[in-house]
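Examination of the molecular architecture
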Amino acid sequence: MSLALAPLDVTVELEANLPCRKFDPDLWFSDTPGQLELAKSLCGDCPLRVECLAGAVERSEPWGVWGGEIFERGAVVPRKRPRGRPRKVDVARDAELAVEVEERLAANGLETRSSVRLAA
């Protein structure tokens, strides 16, 4: 049995400009909210951000930062919550961020909340 692989374009040298290749890979899979927010911000200027996010949504990535969004249990979450009961301010901010995530997905031509499962 053979596996079909997409051809690799060796003329493209994007890897040097990808933040996930320049910084510690563990940053994109951290347990701390602060480090995940840093990883999200580093994805902002990535030339492959949209493709990375689309691939992660398609694969239902179980966790990590992909395309500038945080994935947890296969769903996009607005931000990583620390352990324990959330404060009321955090709950309100999460609602605002959930709307922002939906707008970002739509702006990048990806499916919205109706077809992509978002964690609350």
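As the structure is a computational prediction, the values presented were derived from the model and not from experiment.

Evaluation of the coordinates by the stated rule reveals five salt bridges. Among the ionic pairs, Glu69 bridges to Arg104, the shortest N-O distance being 3.0 Å. Linking Glu69 in strand E2 (residues 69-72) with Arg104 in helix H4 (residues 88-107), this pair joins segments that are 35 residues apart in sequence. The class of Glu69 is buried, set by a relative accessible area of 1%. Looking at Arg104, the relative accessible area reads 29%, which means it is partly exposed. Arg73 is the salt-bridge partner of Glu72, the closest N and O atoms lying 3.8 Å from each other.

Counting through the fold element by element, Gly67 comes out in the loop between strand E1 (63-66) and E2. A relative accessible area of 2% means that Gly67 is categorised as buried. On a C-alpha basis, the gap between Gly67 and Cys52 in space is 4.8 Å, while along the polypeptide they are 15 residues apart. If we ignore the near neighbours within four places in the chain, the residues touching Gly67 are Cys43, Arg49, Cys52 and Leu53.

In terms of polar contacts, Glu69 uses its side chain to reach the side chain of Arg104, at 3.0 Å. With residues up to four places along the chain from it excluded, the contact list for Glu69 reads Lys40, Leu53, Gly64, Val76, Val101 and Arg104.

Before going further, it helps to spend a moment on the UniProt feature "binding site: [4Fe-4S] cluster" (unreviewed entry) in the chain. UniProt feature "binding site: [4Fe-4S] cluster" (unreviewed entry): in the numbering of this structure it lies at Cys20, Cys43, Cys46 and Cys52. Maximum C-alpha separation among the annotated residues is 10.9 Å over a sequence range of 33 residues, consistent with a single clustered spot. Inspection of the secondary structure assignment puts Cys43 in helix H2 (residues 33-43). Not counting chain neighbours up to four residues away, the residues in contact with Cys43 comprise Pro19, Trp28, Arg49, Val65, Gly67 and Gly68.

Further remarks concern the confidence of the model for the chain. Chain-level pLDDT for the chain is 77 on average; 72% of the residues reach the 70-or-more range. With pLDDT under 50 throughout, residues 1-12 is counted as low confidence; its partners more than four residues away or in other chains account for zero contacts.

Let's shift gears to the nonpolar core. Membership of the largest hydrophobic core is limited to nine residues, which are Leu53, Ala56, Val57, Trp66, Phe71, Val76, Val101, Leu105 and Leu110. Elements that contribute at least two residues to this core include exactly helix H3 (49-59) and H4. For this core, the element with the most residues is H3, which contributes three residues.

The next subject is the packing of aromatic side chains. What the rule picks out here adds up to two aromatic pairs. When the ring of Phe29 is compared with that of Trp63, the centres are 5.0 Å apart and the planes differ by 70°; the resulting orientation is edge-to-face. Note that Phe29 is positioned in the loop between helix H1 (19-22) and H2 and Trp63 in strand E1, a separation of 34 residues in sequence. Among the residues examined, Phe29 registers a relative accessible area of 31% and is labelled partly exposed. Through pairs of rings, three or more aromatic residues link up here, namely Phe29, Trp63 and Trp66. Looking at Arg59, its charged tip hangs above the ring of Trp66, at a distance of 5.3 Å from the centre.

Rules used throughout
- Residues numbered from 1 in each chain as written.
- Predicted model: local features only at pLDDT ≥ 70, side-chain atom pairs only at ≥ 80, totals over all residues.
- Heavy atoms only, no water.
- Salt bridge = Lys/Arg side-chain N within 4 Å of Asp/Glu carboxyl O.
- Helix = DSSP H or I, 4+ residues; strand = E, 2+ residues; numbered from the N terminus.
- Buried < 20%, exposed > 50% of the residue type's maximum accessible area, 1.4 Å probe, protein only.
- Contact = heavy atoms within 4.5 Å.
- Polar contact = N/O pair within 3.5 Å; in protein donor to acceptor, adjacent residues only side chain to side chain.
- UniProt positions renumbered as here; feature names shortened; annotations may be inferred.
- pLDDT = per-residue confidence, 0-100.
- Core = buried A, V, L, I, M, F, W, Y, C linked by side-chain atoms within 4.5 Å.
- Phe/Tyr/Trp six-rings, centres within 6.5 Å; stacked < 30°, edge-to-face > 60°.
- Lys NZ or Arg CZ within 6 Å of the ring centre and 35° of its normal.

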